[in-house]
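# Fold and contact review
Listed below, chain by chain, are the residues.
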Amino acid sequence: MTPEIIARLFPNPLPSVAEIEAKYPPRRLPEGAKATRIAPSPTGLFHIGNLYAALVAERAAHQSGGIFYIRVEDTDQKRAVDGALKVVCDALAHYGMRADEGVDADGKDYGPYAPYTQSQRRDIYQAYVKSLVEKGLAYPCFCSAEDLDMMRKVQEKNAQRPGYYGKYAKCRGLTDAEILAKLDAGAQPIIRFKSSGDPDRRMVVKDLFKGELNLPENDIDQVILKSDGLPSYHFAHVVDDHLMGTTHVTRADEWLSSVTTHIQMFVAMGWKPPKYGHIAPLQKLDNGNRRKLSKRHDPEANIMYFAERGYPRDAVVEYLLNLINAQFEDWRKANPDTPAFDFPLNMGKMSNVAGALFDFVKLNSISREIVARLTAGQVYDETLAWARQYAPDFARRMADNRRYLIDILDIERHIGAKSRKDLAKWEDVPPEVSYFFDDLFTMTHNEKMTMLAPMDEADVMAVARDFAAAYDPADDKDAWFDKVRRIAGAHGFAADMKAYKASPAAFKGSVADAAKILRVLVTGSDKSPDLHAVMRVLGREAVVRRLNG
RNA sequence: GACCCUAUCAUCUAGCGGUUAGGAUACGGCCCUCUCAAGGCCGGUACGCGGGUUCAAGUCCCGCUAGGGUCGCCA
């Protein structure tokens, strides 16, 4: 291609390749250290799969003494959304990941390879594209969207592979004169990479997670520079991961089929490709079929869903870690008090090669274990932080009753393995504690009696009155229960369960029924945590009032 | 349609030629027990199908089937 054509293709002044290479020298990393990145598109959504990939990349880097950085892939300007960067940065920070280099929520760069936003690296990409054109490894393409559409239709009709390759790569063979003529006519070309591949030849790629892959070579002439002057993903990836010294690219499975294209480009540029690891997508069950979690259809695909529900961040991290490496579970059992991030993630032992079903039951179970290990004060703080954002009324109530809430949350907590595990997420807290507040305890007398049916109302009231009169918050659990027994016995209920079981007909009910009377009257439910503890927290005044009311 | 990936209990998985196929979650039962939760104990016809290779196959090979992914001037 003549210098004249190249000058017309790239009219603006561009840095030289040598200048760029000098500005961004190779990383000097300790032996074995990995440089990884998370490369989100600023679409305003942070997918659970992004978090998954970020976790793998971040752990791989930091556990090897390397670098984890964030690079914004905003080459599709149509999809860019304001404030999207903040979503990404907040998500990383929220889940405890620190990027060593990249951009912050305001778009400000930090780190030696800046800028880390692709739309600001236009000149860099163009310089390399230009060098490729100069070497005859790339060429201008004047095909319109309609041309390409037609091409695809023909291919479909002929039962051929779709794509811009071989004889379909019309602009590949354009002569200088033809190019000049089109340029003179005002046509705006894009630039395509001239593939040297042959699909009949195979390329062996070693994937970090999947092992050796035997893939056909790519022969499609991919677009590398779009009409808006920005590169396509493929080219931006190759240039950036070279310049930024990425050693390990961990990315979603959907890239697997373009890995041959990427390697081909690295080779054409004379660069060493990074190691690749492709992560299978998280899936969900849909009408009996699995499909990948879609951010369009599945609210749980968006990381915000977990914040809204009030899942503790550690629960989400541990659940994901558990999917990444199945050994996590054993490790957790052996190291119950170690932070999850200390888990030695093993890239060579990746689970989830095929794509796991996202399992809320399992998440909840992990979360309950985590919440059960927290102090009441910690649960209070976390729940309050959640409520401030998602349940303001409840947040106010919490703030006004701090001591009271902590006492409530402390019921049956810190009794080791037997601690209550009924809270999986912060949104479970409000319904769990509502009966402790008079204004939320709205059950009517009739409703309570219905719940107590078929017990006789007179018996119910008698037991309640006697207990109200005898209740002393200072009683310990045994003294408290002795009173329940005594009063139960005095009203014809069996004080002893064994006696009741031996001859149930001889009694109106058992001590369990007597306790049920107290429980329903005091909590409005026939299920509750330890009644003795509940009454203590509620206080004598409220207990007596509810029993006599 | 083409290409690629994957295939062990309901779910996540361990397994890397010789195992009574292990764990976790879920589920069921029992125990504990004033209810619930928790806890303890016990339980279930899990290697997709068919061919090979081998003394021996969940493990290796081939086919089939099923599921997933990709085939854009989106990433």
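Okay, so let's go over this structure. (Residues numbered from 1 in each chain as written. Chains lettered and ligands numbered in written order. Predicted model: local features only at pLDDT ≥ 70, side-chain atom pairs only at ≥ 80, totals over all residues. Heavy atoms only, no water.)

Another point: helix H19 (residues 457-470). With 14 residues, H19 extends 20 Å from end C-alpha to end C-alpha; this agrees with the ideal 20 Å at 1.5 Å per step. What H19 keeps buried is the set Asp459, Val460, Met461, Val463, Ala464, Phe467 and Ala468. On the buried face of H19, the contacting elements are helix H18 (445-452), helix H20 (477-490), strand E14 (493-494), helix H22 (511-523), helix H23 (531-538) and helix H24 (540-548). (Helix = DSSP H or I, 4+ residues; strand = E, 2+ residues; numbered from the N terminus. Expected span 1.5 Å × (residues − 1). Buried < 20%, exposed > 50% of the residue type's maximum accessible area, 1.4 Å probe, protein only. Contact = heavy atoms within 4.5 Å.)

It is worth spelling out the sheet that holds strand E9 (residues 223-225) at this point. Either a parallel or an antiparallel arrangement is found when strands of a sheet pair, and the pairing is made through backbone hydrogen bonds. Strands sit in the order E5-E6-E9 across an open sheet of 3 strands; the sheet is antiparallel. Only two strands of the sheet have a single neighbouring strand rather than two, namely strand E5 (138-141) and E9. Averaged over all adjacent pairs, the angle separating strand axes in this sheet is 45 degrees, with direction ignored. As judged from the 4 bridges shared by E5 and strand E6 (residues 190-193), these two strands associate in the antiparallel manner. Looking at E6, one finds that Ala138 is bridged to Phe193. (Pairing = 2+ DSSP bridges. Axes fitted to C-alpha atoms, helices over the stretch in contact; angles between N-to-C directions.)

This next bit is on the pairing of strand E11 (residues 275-279). Taking burial as the measure, the 5 residues of E11 include 4 buried ones, the bulk of the element. When strand E10 (residues 248-252) meets E11, the two strands line up parallel, connected through 5 bridges. Directly across from Arg251, in E11, lies its bridge partner His278. Crossover connection from E10 via helix H9 (residues 259-269) to parallel E11: handedness right-handed. (Right-handed = clockwise from strand over helix to strand, strands pointing away.)

Structurally, the position occupied by Arg251 is in strand E10. A distance of 3.5 Å separates the side chain of Arg251 from the side chain of His237, its partner in a polar contact. Apart from the residues within four sequence positions on either side, Arg251 is in contact with Tyr233, His237, Val259, His262, Tyr276, Gly277, His278 and Ile279. (Polar contact = N/O pair within 3.5 Å; in protein donor to acceptor, adjacent residues only side chain to side chain.)

Our next topic: the pattern of salt bridges. According to the stated counting rule, one finds 40 salt bridges in the structure shown. Arg8 is the salt-bridge partner of Asp184, the closest N and O atoms lying 2.7 Å from each other. Taken as a pair, Asp184 in helix H7 (residues 176-184) and Arg8 in helix H1 (residues 3-9) lie far apart in primary sequence, 176 residues in all. On the basis of relative accessibility, which here comes to 56%, the residue Asp184 falls in the exposed class. (Salt bridge = Lys/Arg side-chain N within 4 Å of Asp/Glu carboxyl O.)

These results come straight from atomic positions and should not be treated as a statement about function.
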